[in-house]
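Structure at a glance
If you want the building blocks of each chain, they are given just below.
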Amino acid sequence: MTHPFLDLAPLSAARFAAIEDRVARLLSTEQDVVITQGEALLPLEGCIRGAAGSGTTALNVITGPYGQTFGNWLRDCGATVIDLAVPFHTAVTAAQVREAFAEHPEIDFVSLVHAEAATGNTNPVAEIGAVVREHGALFMLDAVASVGAEPLLPDAWGVDLCVIGAQKAMGGPAGVSAVSVSSRVWARMAANPRAPRRSYLSLLDWKERWIDGGRTALLHAPAQLEMLALEACVERIEAEGLAAVMARHATAAAATRAGVVALGGGLEPYVYEAREAAPVATTLRTPAGVDAAELVARALAADPVLPVVAGGGALAGEMVRVNHYGPDATRGAVHACVAALGAALAESGRAVDLEAGRGAVTEVWAAA
């Protein structure tokens, strides 16, 4: 018996390298790009454990839960960690980063999440990168949620480690990820005695055995289905055009925000300023007395596949997230989400204007 997922021809080293090259073009980078065989937490942890050690002083910017995770890894590596935390309804500023350097000129590593899908904010990486470059520190960026949804230019912005995943705006698989690595990082890792070696977390293994070897022999059997899916989603982005993909996400975010505001009922954007809101997902604050998890459950009762979820952890009771990314960055998906949330609010006894919500979504999309 045959199956399209089974009995595939082996994925060659040349095909693997060609996929890496397409990812590099997507990022407009001349840096080395390594595709890692796992979800993006794999290269994120590998970056930190490879580049940070007991002599590292790290500025860890926290605008959501992933920034908190990075701080834990950095401390586990023995680094001195300076946390720069801002409220989750806003973004960090380059001025705040500059102030941190002024207070701690010994900072030599900066970790930042570009777009926090969990909290719905996005950070001004270009401006922050300029500050980091002035002080000569290494700059690590988690761009898992931003790639494909908004501009991402690691070389131009001075990003030394740029980690991406395909499962959000790229509309691809979750089980494979990639990282662009600057020559400065390779040197730091090579000099770090605690950098992982002979480990799944080791980026140095890929550097020494894959890149330096001319990319002719893979370290291990590749995750073939995920690699083929990654190739397919990059191909789809190339066909649509990256600018068009980003514009679609920006329109989806603007339409969701406008539709919810017009809807009424007390539901409002969680991120106060639209310019600080991520195009990959829109987070919403529920009105007093309305539990977010219950509201989402009502919305999904009518359509279980809607890209609507309650916030995680402590935010579960007050935050609703509309994940308008990848195949859901469409007018139809946004219309359906706004209508479902409006109906759920009405069931909760809130006065809403469904027609106004739908009209606002249509208006934003027509103007795009």
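Residues numbered from 1 in each chain as written. Predicted model: local features only at pLDDT ≥ 70, side-chain atom pairs only at ≥ 80, totals over all residues. Heavy atoms only, no water.

By the naming in an unreviewed UniProt entry, the protein chain goes by Alanine--glyoxylate aminotransferase family protein and is assigned to Streptomyces montanus. According to the UniProt record, the Sequence similarities (unreviewed entry) comment for the protein chain is "Belongs to the class-V pyridoxal-phosphate-dependent aminotransferase family." (UniProt positions renumbered as here; feature names shortened; annotations may be inferred.)

To continue, consider the overall build of the protein chain. The helix and strand tally for the protein chain stands at twelve helices and 13 strands. For 368 residues, the compact-globule estimate of 2.2 N^0.38 gives 21 Å, and the C-alpha radius of gyration of the protein chain, at 21 Å, lies within 12% of that figure. Dimensions of the protein chain, computed from C-alpha atoms along their principal axes, come out at roughly 65 × 65 × 35 Å. The burial tally for the protein chain puts 54% of its 368 residues in the buried class. Within the protein chain, residue pairs in contact and separated by at least 24 positions form 69% of the contacts whose partners lie at least 6 positions apart. (Helix = DSSP H or I, 4+ residues; strand = E, 2+ residues; numbered from the N terminus. Rg over C-alpha atoms; globule rule 2.2 N^0.38 Å. Buried < 20%, exposed > 50% of the residue type's maximum accessible area, 1.4 Å probe, protein only. Contact = heavy atoms within 4.5 Å.)

Here the focus is the side chain of Asp142. Among the structural elements, Asp142 can be located in strand β7 (residues 138-142). Setting aside residues up to four positions removed in sequence, Asp142 forms contacts with Leu44, Tyr66, Phe70, Leu112, Val113, His114, Ala115 and Val163.

With that settled, consider the environment of Glu347. With respect to the helices and strands, the residue Glu347 is situated in helix α11 (residues 331-347). Linking Glu347 and Thr119, residues 228 residues apart in sequence, is a C-alpha distance of 26 Å.

As a further point, take a nonpolar patch on the surface. Taken together, the side chains of Phe5, Leu6, Leu8 and Leu225 present a nonpolar region at the surface, about 370 Å² in accessible area. Tracing the chain through its elements places Phe5 in the segment before α1 (13-26). Residue Phe5 is classed as exposed on the basis of its relative accessible area of 54%. (Patch = residues over 30% accessible without salt bridge, like charges linked within 9 Å, V, L, I, M, F, W, Y side chains within 5 Å. Areas by Shrake-Rupley, 256 points an atom, 1.4 Å probe, with all protein chains shown as cover. Salt bridge = Lys/Arg side-chain N within 4 Å of Asp/Glu carboxyl O.)

A few words on the packing of aromatic side chains. One pass over the structure, following the stated rule, counts four aromatic pairs. For the pair Phe16 and Trp206, a centre-to-centre distance of 5.8 Å together with 10° between the ring planes defines the contact as stacked. Highlighted residues: Phe16 in helix α1 and Trp206 in helix α7 (residues 203-211), separated in sequence by 190 residues. Comparing Phe16 with Trp206, the two get one shared label, buried. (Phe/Tyr/Trp six-rings, centres within 6.5 Å; stacked < 30°, edge-to-face > 60°.)

The seven strands lie next to each other as β1-β9-β8-β7-β4-β2-β3, forming an open sheet whose pairing is mixed. Of all strands in the sheet, those bounded by a partner on one side alone are β1 (32-36) and β3 (80-85). Looking at each pair of strands side by side, their axes are set apart by 15° on average, direction ignored. Taken together, the five bridges between β1 and strand β9 (residues 177-181) define a ladder with antiparallel strand orientation. If you follow Ile35 over to β9, its bridge partner there is Ala178. (Pairing = 2+ DSSP bridges. Axes fitted to C-alpha atoms, helices over the stretch in contact; angles between N-to-C directions.)

Our focus in this paragraph is the pairing of β7. Of all five residues in β7, five are buried, a share of seventy percent or more. The alternating pattern of β7 places Leu138, Met140 and Asp142 and Phe139 and Leu141 on opposite faces, both of which are buried. Pairing geometry for strand β4 (residues 109-113) and β7, over five bridges, is parallel. Across the sheet, the residue bridging to Val110 is Phe139, located in β7. For β7 and strand β8 (residues 161-165), the ladder comprises three bridges, and the chain directions are parallel. Residue pairing in the sheet places Leu141 in a bridge with Cys162 of β8.

The next point concerns unusual backbone geometry. Not every positive phi belongs to a glycine, and Asp7 is a case in point at roughly 60°. Within the fold, Asp7 resides in the segment before α1. Of note in this structure, Arg215 is not a glycine but carries a positive phi near 55°. Residue position: Arg215 is located in the loop between α7 and α8 (224-240). On the basis of relative accessibility, which here comes to 25%, the residue Arg215 falls in the partly exposed class.

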